[in-house]
Amino acid sequence: MNVSVFFFVNQKQREPHNLPCRLDLEIDKISSLPGHVIDKILSHLSLREAVRTSILCSKWRYKWVTVPSLVFDNQSVLVSSQDQTVLRNKLVNIVDHVLLLHTGPIDKFKLSNRDLQGVPDIDRWILFLSRGSVKEFVLEIWKGHRYKLHSSLYLCQKLIHLELFNCLLTPPATFNGFKSLKSLDLQHITMEQTAFEYLIYSCPLLERLTLMNFDGFTNLKIHAPNLLFFDIGGVFEDVSFQGTSHLAIVSIGLYVNADYGRNLALGKPGNLVKFFAHLPHIQRLEIQSFFLKYLSAGNIPVKLPAVCDDLSFLSIRINFSDMEEKLAALCLLRSSPNLQELELLARPEEQGGLRFVANILEEDYQNGPFNQLRLIKIVGIVGHKQELSFINFLLINSSALEKMTVKPATSDRGWEMQKELLKELLCFRRASINAQIIYQDP
Amino acid sequence: MKELHLAFVDWEQTSTLSVLLTICSYCKVLCSDIFPSFTMIESDSEVIKPEMMKSYVWLQTTDGSIQEVEQEIATFCPLICQEMHSGLGTSKSYPISLPTRVNPAMLSLIIDYCRFHQVPGHSNKERKVFDEKFIRMDTNRLCELTSAADCLQLKPLVDLTSRALARMIEGKTPEEIREIFHLPDDLTEEEKLEPLKNTMDDPRIRLLNRLYARKRKELKEKERLKNAQNEEEIVDDRPLDDLLSFINGGNGDPKGPVASKSKKKNRKKKDQQKSAHEDCNPSNNLSSYNAIDNDKKGTNGHDPSCTNNKLHGRSLPILRQSNLQDTRDLSFTSEYELDDGDLDDEIDPAMKEIDREVEDFARRLNSDWPERMQEILRLGQERHPTPISMNRNGALRIHASTAFSYPSFCFFLLLSVI
């Protein structure tokens, strides 16, 4: 036994280790890669390039047909023409061809040709996809009116990402939601109020929600327990979150300046409190356009009942002449002890009508040590007293401030105004010894 | 068995105690199952190398060489990680055998990659710079690396390499791509032209494609003919008597027997054609050739080359060497042999062109037939001197038959009959 073992070992030692000699120069290595690797390579190419590989050699003739993502965009149709019928025919032919030749699962389907209007062929393709297991569906109709989505889209239960642009959504009564949907991006869409609420409610895994320019619904009731990212911009009357305890990044823009206080009852908590009631773990918040006006409707407490411990970045579009807005901003600042970055974008004063510009009382500026605030960015100010007192307040209370950037708005008065502003800024006391005030030209 | 090998190698380094231990463990291995003694072996390796703080993993490639890699680096690869969990690789005697596609050169590359990336300290930018430098290698190695990384399920490296390969394919013409990756150019002309993605609705583009195809084929033809000057001749094997009787018989007799004879001959040709490559479909275009004669056979016979030397993929019938293959004839006969069958064309300008040409030719033939014949014969004589005599009727007698291709010959005869 020992002898044989030894012999075996020795033999192993004597085995030559160099690889068999072969001409490495002319061998085609790429065609023998496994299918999923070739799919990966081809998916880094545009669809047109991937299909072009079919004329390389006989092995590559049908290698592209298993590529899992199909993107039809402006590169797919090379000839651009103003004639709708020509374009439509070309693009439709191409998509039909590709879908017919394709085999295997389609993970991603994107149709986003700038010249394509909402043609009925899209219905056919959606139906085809719904029979498979499409995971990502992007449809962008760049011209024409809202395209009514075919009902078979709502049967795609494997959808993880849905992105629609310029579409009309009418889920059928049998719609049960997208059980796997994690990311929803709806821009320029029309939908009914109840349908929208139900859509959000019935997607339990929803993590990202983007809504831009929508009509058909005005009350945003967001019931999404797993929501992490929320970005909306549009016209709405009310926004309320339910169960969104993980929501970390919020960006809201309200594009219309209206009187948001009229629906609120007296004595009840104002919008500000209501808004933040369900956002315990918010980390980044952007308040754009007129949303601060919305938030400032109703009662504004000195400090929020629920402190936003995780809030580290805050960006507010604020009208410094509006007292309520300033109060709301102050409240928010006081409720964010760990805020590190603050951005204040001044909204130019609304035209029309004299408004009594109330000055904030001195005591409102109390209770405001911002121990973590390092960066402040102020954009678009003119040099009014209200703006300056706010800045002063910030400087006095930010003991850890490192940099404050001030960029005034362009104004007719030009250098005069800027001079005034600079003079004032220089006067201010600063709590932080490291603070830099950087003045940027408008 | 490998235990023995181990002990043998480390004889000098180890103390007596460890030697005894290894011998004991070796006996244990022989007697019992592998796994119970596994811990023993592990402690052995630790005893043998007490100075090593890091733990190592042993990897074996298909050629038998065993490499030792730091554990934290190797576990960057999911496959190695998996194998380690199931117990392999912690000692030299039980290395993890890597799949065939991972050869030692690739393994060392992968280990370099892992070594860099598993360190958490590097910034994203540094990693990107490293990656860019890393994938600078020739395409064959890149393909091998992709294959090896895929085997080991090292997804970030597979992504990196496949993106690099995609960048090599992007924006290049098919010829360039074929050259880079050494792909054989083995698709037929038709298959390349087949519109997969861009269907041409525009008739102009279609015509353009057709013209390009035609031009390409013409050029190929000319080249081939140039090369195959003296080789391909159609040897007309029929005995001289046969031919003479044909000529003589055609003079006075009605068309019947002549026609039937030629019919038979041509049918044979037709069958031969059919048995040959199926891509040969010139007869459609040539049918209009029979403006003069209702006999289709003449035209069918015009491509005897269909029957022989049909290479795979060459759908263009090769008009073999014959004296008629002069420049004049070549220009319009090659036009006829288009493989436009795949493109549906109701209004085909090319077809109209052919019709016109044919009529023209027919008219010319009818008008000055004898002169024409002389010209043709003269040209033929230049290459293959052939004694020809004209008998009283204006018909031809041909003593030697090598010069002419059979069908054109037949055609002459039929015309002379008229």
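Residues numbered from 1 in each chain as written. Chains lettered and ligands numbered in written order. Predicted model: local features only at pLDDT ≥ 70, side-chain atom pairs only at ≥ 80, totals over all residues. Heavy atoms only, no water.

## Here we look at the overall build of chain B
Thought 1: Regarding its fold elements, chain B presents 20 helices and five strands.
Thought 2: Residues classed as buried in chain B amount to 44% of the 418 residues present.
Thought 3: Total accessible area on chain B stands at roughly 22,700 Å², and carbon and sulfur atoms take up 54% of it. (Helix = DSSP H or I, 4+ residues; strand = E, 2+ residues; numbered from the N terminus. Buried < 20%, exposed > 50% of the residue type's maximum accessible area, 1.4 Å probe, protein only. Areas by Shrake-Rupley, 256 points an atom, 1.4 Å probe, with all protein chains shown as cover.)

## What about the overall build of chain A?
Thought 1: For chain A, the helix and strand inventory stands at eleven helices and 17 strands.
Thought 2: Within chain A, the proportion of its 442 residues that are buried is 46%.
Thought 3: Looking at chain A alone, contacts between residues at least 24 apart form 64% of all its contacts between residues at least 6 apart.
Thought 4: Counting only carbon and sulfur atoms, one obtains 54% of the accessible surface of chain A, whose full area is about 21,300 Å². (Contact = heavy atoms within 4.5 Å.)

## Digging into unusual backbone geometry
Glycine aside, the phi torsion of most residues is negative, and most peptide linkages are trans.
Thought 1: The backbone of Asn213(A) sits at a positive phi, close to 55 degrees, despite the residue not being glycine.
Thought 2: Following the sequence through the fold, Asn213(A) ends up in strand E7 (residues 208-215).
Thought 3: Backbone geometry at Gln153(B) places phi at a positive 60 degrees, although glycine is not the residue there.
Thought 4: With respect to the helices and strands, Gln153(B) occurs in the loop between helix H8 (139-151) and helix H9 (155-169).
Thought 5: In this structure Gln153(B) comes out as partly exposed when scored by relative accessible area, which is 36%.

## Observations concerning the pairing of strand E6 (residues 183-190) of chain A
Residues and elements named next belong to chain A.
Thought 1: Sheet topology note: the strand E5 (residues 161-168)/E6 ladder contains seven bridges and is parallel. By the bridge assignment, Leu164 is partnered in E6 with Leu186.
Thought 2: Both E6 and E7 contribute to a ladder of seven bridges, which runs parallel. Each bridged residue has a counterpart across the sheet, and for Gln187 the counterpart in E7 is Met212.
Thought 3: Taken together, E6, helix H6 (residues 193-201) and E7 constitute a β-α-β crossover, and its handedness is right-handed. (Pairing = 2+ DSSP bridges. Right-handed = clockwise from strand over helix to strand, strands pointing away.)

## Some words on the environment of Glu126(B)
Thought 1: Looking at where Glu126(B) falls in the secondary structure, it is placed in helix H7 (residues 124-134).
Thought 2: Distance in space between the C-alpha atoms of Glu126(B) and Phe116(B) is 9.9 Å, their sequence separation being ten residues.

## Observations concerning the confidence of the model for chain A
Residue and element names in this part refer to chain A.
Thought 1: Mean pLDDT over chain A works out to 84, with 87% of the residues at or above the 70 mark.
Thought 2: Scored below 50 in pLDDT, residues 1-22 shows 16 contacts in the model against residues more than four places distant or in partner chains.
Thought 3: Note on residues 351-356: pLDDT under 50 across the span, and two contacts to partners over four residues away in sequence or across chains. (pLDDT = per-residue confidence, 0-100.)

## Notes on the pattern of salt bridges
Residue and element names in this part refer to chain A.
Thought 1: A complete count under the given rule lists 20 salt bridges over all chains for this structure.
Thought 2: Asp96 is the salt-bridge partner of Arg124, the closest N and O atoms lying 2.9 Å from each other. Linking Arg124 in helix H5 (residues 121-131) with Asp96 in helix H4 (residues 84-101), this pair joins segments that are 28 residues apart in sequence.
Thought 3: The class of Arg124 is partly exposed, set by a relative accessible area of 40%.
Thought 4: For Arg146, the salt bridge is made with Asp215, and the minimal N-O distance between the two is 3.3 Å. Of the two residues, Arg146 is situated in the loop between strand E3 (136-140) and strand E4 (147-148) and Asp215 in strand E7; the sequence distance between them amounts to 69 residues. (Salt bridge = Lys/Arg side-chain N within 4 Å of Asp/Glu carboxyl O.)

## Topic: the nonpolar core
Thought 1: Counting residues in hydrophobic clusters, the biggest one holds 169 residues, and the most contacted among them are Phe109(A) and Phe275(A).
Thought 2: When residues no more than four places from it in sequence are discounted, the contact partners of Phe109(A) are Leu70(A), Phe72(A), Val95(A), Leu99(A), Trp125(A), Leu129(A), Val134(A), Glu136(A), Phe137(A) and Val138(A). (Core = buried A, V, L, I, M, F, W, Y, C linked by side-chain atoms within 4.5 Å.)

## What to know about the sheet that holds strand E1 (residues 56-60) of chain B
Thought 1: Pairing is mixed in the open sheet, where three strands are placed in the order E2-E1-E3 (chain B). Strands with a single pairing partner mark the edges of an open sheet, and in this sheet they are strand E2 (66-70) and strand E3 (96-97) of chain B.

## A word on a nonpolar patch on the surface
All names here are of chain A.
Thought 1: Where nonpolar side chains cluster on the molecular surface, the patch consists of Val235, Tyr255 and Val256 and spans about 230 Å² of accessible area.
Thought 2: Within the secondary structure layout, Val256 lies in the loop between strand E11 (249-254) and helix H7 (271-277).
Thought 3: The exposure class of Val256 is partly exposed, given its relative accessible area of 32%. (Patch = residues over 30% accessible without salt bridge, like charges linked within 9 Å, V, L, I, M, F, W, Y side chains within 5 Å.)

## Let's talk about helix H10 (residues 174-181) of chain B
Residue and element names in this part refer to chain B.
Thought 1: Among the residues of H10, those classed as buried are Pro174, Ile177, Arg178 and Phe181. Down the axis of H10, the smallest arc covering the buried residues is 100 degrees, so these residues share one side. Opposite the buried face of H10, at more than 90 degrees from it, the exposed residues are Glu175 and Glu179.
Thought 2: Directly beyond the C-terminal end of H10, a positive phi value near 55 degrees is found at His182. (Arc of directions from axis to C-beta.)

## Details of the packing of helix H6 (residues 104-117) of chain B against H8(B)
All names here are of chain B.
Thought 1: Relative orientation of the contacting elements H6 and H8 amounts to 75 degrees, with a least axis distance of 10 Å. When the axes of H6 and H8 are compared, the pair comes out roughly perpendicular. Facing Met106, Leu109 and Ile110 of H6, the residues of H8 in contact are Arg141, Glu144, Leu145, Ala148 and Ala149.
Thought 2: Of the residues assigned to the contact of H6 with H8, the class counts are six nonpolar, no polar and two charged. (Axes fitted to C-alpha atoms, helices over the stretch in contact; angles between N-to-C directions. Parallel < 35°, antiparallel > 145°, perpendicular 65-115°, else oblique. Nonpolar A, V, L, I, M, F, W, Y, C, P; charged D, E, K, R; others polar.)

## Considerations on the confidence of the model for chain B
Residue and element names in this part refer to chain B.
Thought 1: Summing up the model confidence of chain B, the mean pLDDT is 63 and the portion of residues at 70 or higher is 40%.
Thought 2: In this model, residues 33-47 is a region of pLDDT below 50 whose contacts with residues beyond four sequence positions or in other chains number 18 contacts.
Thought 3: The model gives residues 195-201 a pLDDT under 50, and that stretch makes 20 contacts with residues more than four places away or in other chains.
Thought 4: For this predicted complex, the interface score ipTM comes out at 0.74, while the overall pTM is 0.63.

## Observations concerning the packing of aromatic side chains
Thought 1: Taken as a whole and judged by the stated rule, the model has 22 aromatic pairs over all chains.
Thought 2: Ring geometry for Phe116(B) against Phe130(B): centres 4.0 Å apart, planes inclined by 5 degrees, an arrangement best described as stacked. Within this pair, whereas Phe116(B) is found in helix H6, its partner Phe130(B) is found in helix H7, the two being separated by 14 residues in sequence. Here Phe116(B) matches Phe130(B) in class, with each residue buried.
Thought 3: Ring geometry for Phe130(B) against Phe134(B): centres 5.6 Å apart, planes inclined by 20 degrees, an arrangement best described as stacked. Pair noted here: Phe130(B) and Phe134(B) are both in helix H7, with a separation of four residues, about one helical turn.
Thought 4: One aromatic cluster is present, built from ring pairs that chain together Phe230(A), Phe236(A), Phe241(A), Phe275(A), Phe276(A), Phe291(A) and Tyr294(A).
Thought 5: Directly above the ring of Phe229(A) sits Arg208(A), whose terminal nitrogen or CZ lies 4.1 Å from the centroid. (Phe/Tyr/Trp six-rings, centres within 6.5 Å; stacked < 30°, edge-to-face > 60°. Lys NZ or Arg CZ within 6 Å of the ring centre and 35° of its normal.)

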